[in-house]
Amino acid sequence: MDSRKPDAGEDAVRPVFAALIRPHRSLGRSGFRAMMLICAAVVAFMAARFIALGFWPVSGFLALDLIGLYIAFRVNYRRGRSFEEVVLTPIELFFRRVTHRGETREWRLNPLWTRLDKEADEEFGLQRLALVSRGERITIAGELSPPEREHFADEFGQALAKVKRGY
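Residues numbered from 1 in each chain as written. Predicted model: local features only at pLDDT ≥ 70, side-chain atom pairs only at ≥ 80, totals over all residues. Heavy atoms only, no water.

Before going further, it helps to spend a moment on the packing of helix H2 (residues 29-53) against helix H3 (residues 56-79). For the pair H2 and H3, the least separation of the axes is 8 Å and the interaxial angle reads 170°. Between H2 and H3, the angle is such that the two are roughly antiparallel. Counting all contacts with H2, which are made through Phe-32, Met-35, Met-36, Cys-39, Ala-40, Val-43, Met-46, Ala-47, Phe-50 and Ile-51, the residues of H3 involved are Trp-56, Val-58, Ser-59, Leu-62, Ala-63, Leu-66, Leu-69, Tyr-70, Phe-73, Arg-74 and Tyr-77. A class-by-class count of the residues in the contact of H2 with H3 yields 19 nonpolar, one polar and one charged. (Axes fitted to C-alpha atoms, helices over the stretch in contact; angles between N-to-C directions. Helix = DSSP H or I, 4+ residues; strand = E, 2+ residues; numbered from the N terminus. Parallel < 35°, antiparallel > 145°, perpendicular 65-115°, else oblique. Contact = heavy atoms within 4.5 Å. Nonpolar A, V, L, I, M, F, W, Y, C, P; charged D, E, K, R; others polar.)

Here we come to the packing of aromatic side chains. One pass over the structure, following the stated rule, counts eight aromatic pairs. With 5.6 Å between their ring centres and 80° between their planes, Phe-32 and Tyr-77 make a pair best called edge-to-face. With Phe-32 in helix H2 and Tyr-77 in helix H3, this pair connects stretches of sequence that are 45 residues apart. Accessibility expressed as a relative area gives 9% for Phe-32, which makes it buried. Ring geometry for Phe-95 versus Trp-107: centroids 5.4 Å apart, planes at 35°, classification tilted. Of the two residues, Phe-95 is situated in strand E3 (residues 93-98) and Trp-107 in strand E4 (residues 104-109); the sequence distance between them amounts to 12 residues. Just as Phe-95 is buried, Trp-107 falls in that class too. Through successive ring pairs, a cluster of aromatic residues spans Phe-32, Tyr-70, Phe-73 and Tyr-77. (Phe/Tyr/Trp six-rings, centres within 6.5 Å; stacked < 30°, edge-to-face > 60°. Buried < 20%, exposed > 50% of the residue type's maximum accessible area, 1.4 Å probe, protein only.)

On the basis of which strands lie adjacent, the open sheet formed by four strands has the order E1-E2-E3-E4 and antiparallel pairing. The open sheet is flanked by strand E1 (17-21) and E4, the only strands paired with a single partner. Strand-to-strand twist across the sheet, computed as the mean angle between neighbouring axes with direction ignored, equals 5°. Pairing analysis gives five bridges linking E1 to strand E2 (residues 83-88), with the strands arranged antiparallel. Bridging from a neighbouring strand, Ala-18 pairs with Val-87 of E2. (Pairing = 2+ DSSP bridges.)

This part covers a nonpolar patch on the surface. Together, Phe-61, Leu-64, Ile-67, Tyr-70, Ile-71 and Val-75 give the surface a local cluster of nonpolar side chains, amounting to about 590 Å² of exposed area. Relative to the elements of secondary structure, Val-75 occurs in helix H3. Val-75 gets classed as partly exposed once you look at its relative accessible area, which sits at 34%. (Patch = residues over 30% accessible without salt bridge, like charges linked within 9 Å, V, L, I, M, F, W, Y side chains within 5 Å. Areas by Shrake-Rupley, 256 points an atom, 1.4 Å probe, with all protein chains shown as cover. Salt bridge = Lys/Arg side-chain N within 4 Å of Asp/Glu carboxyl O.)

In this structure, Phe-17, Leu-88, Leu-129, Leu-131, Ile-140, Phe-152 and Phe-156 are the most contacted members of the largest nonpolar core, which totals 23 residues. Mapped onto this core, the elements with two or more residues apiece are E1, E2, E3, E4, strand E6 (125-133), strand E7 (136-140) and helix H4 (146-164). (Core = buried A, V, L, I, M, F, W, Y, C linked by side-chain atoms within 4.5 Å.)

For the rest of this paragraph, the subject is unusual backbone geometry. Backbone geometry places Arg-134, a non-glycine residue, at a positive phi of 50°. Along the chain, the position of Arg-134 falls in the loop between E6 and E7. With relative accessibility at 65%, the residue Arg-134 sits in the exposed group. With a phi close to 55°, Ala-141 is a non-glycine residue in the positive phi region.

This part covers H3. Every α-helix carries 3.6 residues per turn, so stepping three or four residues along brings you back to the same face. Helix length check: H3 (24 residues) gives 36 Å between terminal C-alpha atoms against 34 Å at 1.5 Å per residue, within 8%. Three or more residues of H3 are buried, namely Ser-59, Leu-62 and Phe-73. For H3, the secondary structure elements touched by its buried residues are H2. (Expected span 1.5 Å × (residues − 1).)

Okay, structure coming up:
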C-alpha cells in the first residue's frame, strides 16, 4: 500500500468527469441473426408460393428486399462504431470525436473559458449541447436521446462548475 500523499500535479491531471458516448443500438448480434433468419424463412416461403403460382420474377425481388435489409443493418452497425470522449480535469477539457471510419478530431480547451450551451425545446426536450470556448462552438452528445442528453448536461455542468470554483 502506498502511504504517500498525492501532490498537486497529480490532482491537476486526475479526471473530475469522464464520459464515453456511443450511439445506441437496440439489436445485438444474436438478435440480428435471429431477425435475418426469420426474414429469410418468410422470404423463402413467399418465394416458393409465387414460383408455384407461376410468378417466378417476384421471388427475385423478394431476394433483393432481403439483401437490402441486410445491407442497411450492416451500415447501421458500422456507424455504431463511432464515439465521443469527454474528459474534464482541473486544467483541461479534452474532447475527442471518432467517426465510424476511424477519423479522429480532438479539442483541448481550458475549462475556465468554456461554457456548456444548451438548446431546449418545450415539447421535445434538450435538443443540442455545445461546448463554447473563445468563439469556437463544438456540438457534443448528438447521439444521445433528449432525456439522456439532459442527464449528461446536468452531470457535466456540475463537474464544469466544480472546476471553475476551484474544486
